[in-house]
Amino acid sequence: MSGLLALLDDVAAIAKVAAASVDDVVGQAVKASSKAAGAVIDDAAVTPKYVHGFSADRELPIVWKIARGSFFNKLIILLPVALLLSAFAPWAIAPLLMLGGAYLCFEGAEKVWHVLNPHDHTEEDTYEEMLADAHLEEEKVKGAIKTDFILSAEIMTITLAALPIGISTWFQAGALAVAGIIITVAVYGAVALIVKADDFGLHLAAAGRLAATRRLGEGIVRGMPYLMTLLVIVGTAAMIWVGGAIIVHGLDELGVHMPYKIIHDIAAGVAQGIGAAEGFIEWLVTAVLDGVVGLCVGFALIPLVQKVLNPVVARVGSVLR
């Protein structure tokens, strides 16, 4: 009997240690993922534009498809890659992030270019216009998951960098997994609420018992197109800003300090002496200048992608087929 009690006591002690370890993993995951708040906001702002224009009954299925792709990006692809890079090739993280940043700059700048030149249709535009609705939805989902991959890579890398030095690989893996799940649920939960807000407004306007409730519903319905347009603008700006910031910080890590130093000095100079708002102004100026860098990089990449990379990819694809 005493042996059984001792065994149960040992099991209880092990369970306490395991529970403490789980608490540590969750705590570190939440703490580390908070460092990636900027990228999380960007992700939430970018996604609704991929749902814009579809019928109401397709909105939540599209959000779920993108969320499922985001889980796959973070947990199946990026988590093991981040651990491998951290263990065996930490020097490769910055260049890979810069490639992803360049893609974000290109995608954001291309949308700005289409706004500035609405009649400048590319082959890609003509192709999209010819797609059936189902194929267009598939293309939109693929585009959203591809963009999510870049933002998720940044989120996972920032989270990994924020974890304590010297922790075990298993602890890193657990913290990254928890952070990835929390962030994905938060982002796509918010996106689902945004895209269904107009349906909620219609319900209030039609079924509300009070006049104030019905007016609120009508206000939500009237305001949603403006909100969706705003989110498209914010999402595009976010891609350009985040892409530019990734490139500037990547260059600094690789020893090219001038762009980062110039931006930091300008931001610090503008914010100096402002008082309580000094930190916010410095961040804002830094973000704007990172965005300028991102827009320049994106515009520079547009002819390269359209005139060189796209034809090469098309030629390779035709050969493989």
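Residues numbered from 1 in each chain as written. Predicted model: local features only at pLDDT ≥ 70, side-chain atom pairs only at ≥ 80, totals over all residues. Heavy atoms only, no water.

A. Looking closely at the overall build of the chain. Within the chain, the secondary structure is distributed over 11 helices and zero strands. For the chain, the N- to C-terminal ordering of α and β elements is α-α-α-α-α-α-α-α-α-α-α. Buried residues in the chain amount to 36% of all 321 residues. Summing over all exposed atoms, the chain offers an accessible surface of approximately 18300 Å²; the carbon and sulfur share of this is 70%. (Helix = DSSP H or I, 4+ residues; strand = E, 2+ residues; numbered from the N terminus. Buried < 20%, exposed > 50% of the residue type's maximum accessible area, 1.4 Å probe, protein only. Areas by Shrake-Rupley, 256 points an atom, 1.4 Å probe, with all protein chains shown as cover.)

B. Molecular detail of helix α8 (residues 197-207). Three or more residues of α8 are buried, namely Ala-197, Gly-201 and Leu-204. What you see down the axis of α8 is that its buried residues fit within an arc of 60°, all on one side. Away from its buried face, by an angle of more than 90 degrees, α8 presents the exposed residues His-203 and Ala-206. If you follow the buried residues of α8, they end up packed against α7 (169-195) and α9 (211-253). (Arc of directions from axis to C-beta. Contact = heavy atoms within 4.5 Å.)

C. Representation of the nonpolar core within the structure. Formed by 13 residues in total, the largest nonpolar core has its most connected members in Val-63, Ile-66, Val-187, Tyr-188 and Val-191. Looking at this core, the elements with two or more residues in it are α3 (56-88), α6 (133-162) and α7. With six residues, α7 is the largest single contributor of residues to this core. If you look at the next biggest cluster of nonpolar residues, it comprises 11 residues, including Leu-83, Ala-153, Met-156 and Ala-175. (Core = buried A, V, L, I, M, F, W, Y, C linked by side-chain atoms within 4.5 Å.)

D. Quick look at the packing of helix α4 (residues 93-116) against α9. Contact pair α4 / α9: the axes reach a minimum separation of 7 Å and the direction vectors enclose 150°. Considering their axes alone, α4 and α9 lie roughly antiparallel with respect to each other. The chirality of how α4 crosses α9 is left-handed. In this structure, α4 contributes Ala-94, Leu-97, Met-98, Gly-101, Ala-102, Leu-104, Cys-105, Glu-107, Gly-108, Ala-109, Lys-111 and Val-112 to the contact, and α9 contributes Thr-236, Met-239, Ile-240, Val-242, Gly-243, Gly-244, Ile-246, Ile-247, Gly-250, Leu-251 and Glu-253. Per-class residue counts for the contact of α4 with α9 are 14 nonpolar, six polar and three charged. (Axes fitted to C-alpha atoms, helices over the stretch in contact; angles between N-to-C directions. Parallel < 35°, antiparallel > 145°, perpendicular 65-115°, else oblique. Left-handed = near helix turned anticlockwise from the far one by under 90°. Nonpolar A, V, L, I, M, F, W, Y, C, P; charged D, E, K, R; others polar.)

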